[in-house]
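# Survey of secondary and tertiary structure
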Amino acid sequence: YFSYASEKVNPDGTTNPGTAANTAVNLDTKYTYITIGAKYEMGDWFAALDNSTFSASKVNLAASTPGDSVQNSLVLNAGYTMDKMTYKLMYDTSTFTSTPDGSTATKLAYVGTSLAAEYRPTTDKNFRYHLAYTTLSEKADTAGAAAKVENHLIAGVRLNADFLK
């Protein structure tokens, strides 16, 4: 990580290129996954920004028909911790483009927002209660397509422990 004036900026990144062959359907797939991001922490505040790209190219070896898909995502997370409570906000915007036959592109756009509160009754970071509200909209890039919207209210408990010891 980089340190500047007693504050922390933690960069992170990964790449994963590869090839997968499926001889049962005569497909050869080349894929690439790249992500880069950074997290900034200042006292009880934090913010993180991540950018991810996943691309895949499929070639039907028998018919030489290409098909490509690309997904790009940008995610912003921010939060504040106060005593036993942590409040979080997440904003996510993604685009997905697919050309299964090599010519006609299908484009989808996603926008998501989440608001969450976490309560830790003890100092143990492996146990907490949480309540979150999430919304996600999907919009197709076709004439007359209506946006699909999902809303969720989630309540739960996190217990992280090694139960096999």
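Residues numbered from 1 in each chain as written. Predicted model: local features only at pLDDT ≥ 70, side-chain atom pairs only at ≥ 80, totals over all residues. Heavy atoms only, no water.

## Topic: the overall build of the protein chain
- Along the backbone of the protein chain there are zero helices and nine strands.
- Written out in order from the N terminus, the α and β elements of the protein chain read β-β-β-β-β-β-β-β-β.
- Out of the 165 residues belonging to the protein chain, those deemed buried represent 16%.
- Of the accessible surface of the protein chain, which amounts to about 11500 Å², a share of 59% is contributed by carbon and sulfur atoms. (Helix = DSSP H or I, 4+ residues; strand = E, 2+ residues; numbered from the N terminus. Buried < 20%, exposed > 50% of the residue type's maximum accessible area, 1.4 Å probe, protein only. Areas by Shrake-Rupley, 256 points an atom, 1.4 Å probe, with all protein chains shown as cover.)

## Description of the pattern of salt bridges
- Applying the stated criterion across every chain yields a total of five salt bridges.
- When the shortest N-O distance is used, the salt bridge between Arg128 and Glu118 registers 3.4 Å. With a gap of 10 residues between them, Arg128 in strand E8 (residues 127-140) and Glu118 in strand E7 (residues 106-119) connect regions that are remote in the sequence.
- Judged by its relative accessible area of 5%, Glu118 is buried.
- Across the pair Lys148 and Glu138 runs a salt bridge, and its minimum N-O distance is 3.8 Å. Of this pair, Lys148 sits in strand E9 (residues 148-159) while Glu138 sits in strand E8, and the two are 10 residues apart along the sequence.
- The exposure class of Lys148 is exposed, given its relative accessible area of 56%.
- In the salt-bridge network here, residues are joined through shared partners; they are Lys88, Glu118, Arg120 and Arg128. (Salt bridge = Lys/Arg side-chain N within 4 Å of Asp/Glu carboxyl O.)

## A word on unusual backbone geometry
- Positioned with a positive phi, Asp83 is a non-glycine residue whose angle comes to about 55°.
- With respect to the secondary-structure elements, Asp83 resides in the loop between strand E5 (65-82) and strand E6 (85-99).
- A relative accessible area of 79% means that Asp83 is categorised as exposed.

## Considerations on the confidence of the model for the protein chain
- For the protein chain, the average pLDDT comes to 81, and 76% of its residues sit at 70 or higher.
- Every residue in residues 1-6 scores below 50 in pLDDT, and together they form eight contacts with partners more than four places removed in sequence or on other chains. (pLDDT = per-residue confidence, 0-100. Contact = heavy atoms within 4.5 Å.)

## Focus on the packing of aromatic side chains
- For the structure shown, the criterion picks out three aromatic pairs.
- With a centroid separation of 4.5 Å and an interplanar angle of 40°, the aromatic rings of Trp45 and Tyr80 are classed as tilted. In this pair, Trp45 is assigned in strand E4 (residues 45-60) and Tyr80 in strand E5, connecting sequence segments 35 residues apart.
- Arranged with centres 5.2 Å apart and planes meeting at 75°, the rings of Phe127 and Tyr129 form a pair that is edge-to-face.
- The class for Tyr129 is partly exposed, based on a relative accessible area of 38%. (Phe/Tyr/Trp six-rings, centres within 6.5 Å; stacked < 30°, edge-to-face > 60°.)

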